[in-house]
Amino acid sequence: MNISHFAQTRYTTKVFDPVRKIPEATLAQLCTLLRNSPSSVNSQPWHFLVASSEEGKARVAKATQDAFAFNEPKVKNAATVIVLCARTAMEPAQLAHLLEQEQADGRFASEAAKAGQDAGRNKFVNLHRFDHKDLQHWMEKQVYLALGTLLLGAATLEVDACPMEGFNAAALDAEFGLREKGLTSVVVVSLGYRSDEDFNAKLPKSRLPAQEVLTIL
Ligand SMILES: Cc1cc2nc3c(=O)[nH]c(=O)nc-3n(C[C@H](O)[C@H](O)[C@H](O)COP(=O)(O)O)c2cc1C
């Protein structure tokens, strides 16, 4: 696989084919990408809502009204829409839960290794909670890593995508009771296949020149 080919040919799909669906096995691969995305200290401060049904997509589309109406057809006509959510807290019980999962997955050869991982994760979480006072922002940064993983991965699976920050997060959170579950929506991704009418597919990609954004030392 030539990964740079996919980086250069993937693009933000603005008009989806409303009929074509993503095969189940491909959708499962996309979910695998999300779940396996890296995160600082393996904090995994996320949850993903995956809507492929008309009803599910219509619920997500409630957050694309008024100022965000330009995104509504992208949600309704996509095959699948994924809402990437961040946690709203990182409490001791969740930190203990992460540690137990790592233990169950065979990450620790000794109790000392387990204690070290616990201490390291707590250190980073507390750094952001107390010193930088940006714990929420830090957790959202991790969600954006999952976004990047998903977008490039989708391209390699020849699935088109449209990432969207243009939605009403309060409305989306209310629709799915996210805040009550300790979650908040961060970014939405529509996935599927481009329509022949997608003007954006025909436009050339535009990026700043390599010498401007890369310094090779
Ligand atoms: C975090 C993020 C939010 C975005 N929000 C929207 C959006 O709400 N609606 C939309 O049509 N495109 C949205 N885009 C698409 C960008 O405009 C697009 O990625 C950018 O212009 C680069 O073009 P390309 O993705 O085709 O390479 C978003 C992209 C990202 C990464």
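The structure we're discussing is the one just above.
Here's what I pulled together on the structure shown here.

Cut-offs used in this document
Residues numbered from 1 in each chain as written. Predicted model: local features only at pLDDT ≥ 70, side-chain atom pairs only at ≥ 80, totals over all residues. Helix = DSSP H or I, 4+ residues; strand = E, 2+ residues; numbered from the N terminus. Buried ≥ 20, exposed ≤ 12 C-beta atoms within 10 Å, placed from the backbone. Contact = placed C-beta atoms within 7 Å. Axes fitted to C-alpha atoms, helices over the stretch in contact; angles between N-to-C directions. Parallel < 35°, antiparallel > 145°, perpendicular 65-115°, else oblique. Left-handed = near helix turned anticlockwise from the far one by under 90°. Nonpolar A, V, L, I, M, F, W, Y, C, P; charged D, E, K, R; others polar. Pairing = 2+ DSSP bridges.

**Examining the overall build of the protein chain**
(1) Moving on: Scanning the protein chain from N- to C-terminus turns up 10 helices and four strands.
(2) Moving on: When the helices and strands of the protein chain are placed in sequence order, the string is α-α-β-α-α-β-α-α-α-β-α-β-α-α.
(3) Moving on: Out of the 217 residues in the protein chain, the part that is buried amounts to 28%.
(4) Moving on: Put simply, of all contacts in the protein chain between residues at least 6 apart along the chain, 81% involve residues at least 24 apart.

**Some thoughts on the packing of helix H2 (residues 24-35) against helix H7 (residues 135-156)**
(1) Moving on: Where H2 meets H7, the axes come as close as 8 Å, and the angle between the chain directions of the two elements is 150°. With respect to H7, the axis of H2 lies roughly antiparallel. Relative to H7, H2 is oriented so that their crossing is right-handed. Where H2 abuts H7, its residues Leu30, Leu33 and Leu34 lie against Ala146, Thr149, Leu150, Gly153 and Ala154.
(2) Moving on: Split into classes, the residues belonging to the contact of H2 with H7 amount to six nonpolar, two polar and no charged.

**Considering the sheet that holds strand E1 (residues 46-51)**
(1) Moving on: The four strands are arranged E1-E2-E4-E3 in an open sheet whose pairing can be described as antiparallel. The outermost strands of the open sheet, each flanked by one partner alone, are E1 and strand E3 (160-164). Here the average twist between neighbouring strands, direction ignored, is 25°.
(2) Moving on: Relative to strand E4 (residues 183-192), strand E2 (residues 80-87) runs antiparallel, the two sharing eight bridges. What sits directly across from Ile82, in E4, is Val189.

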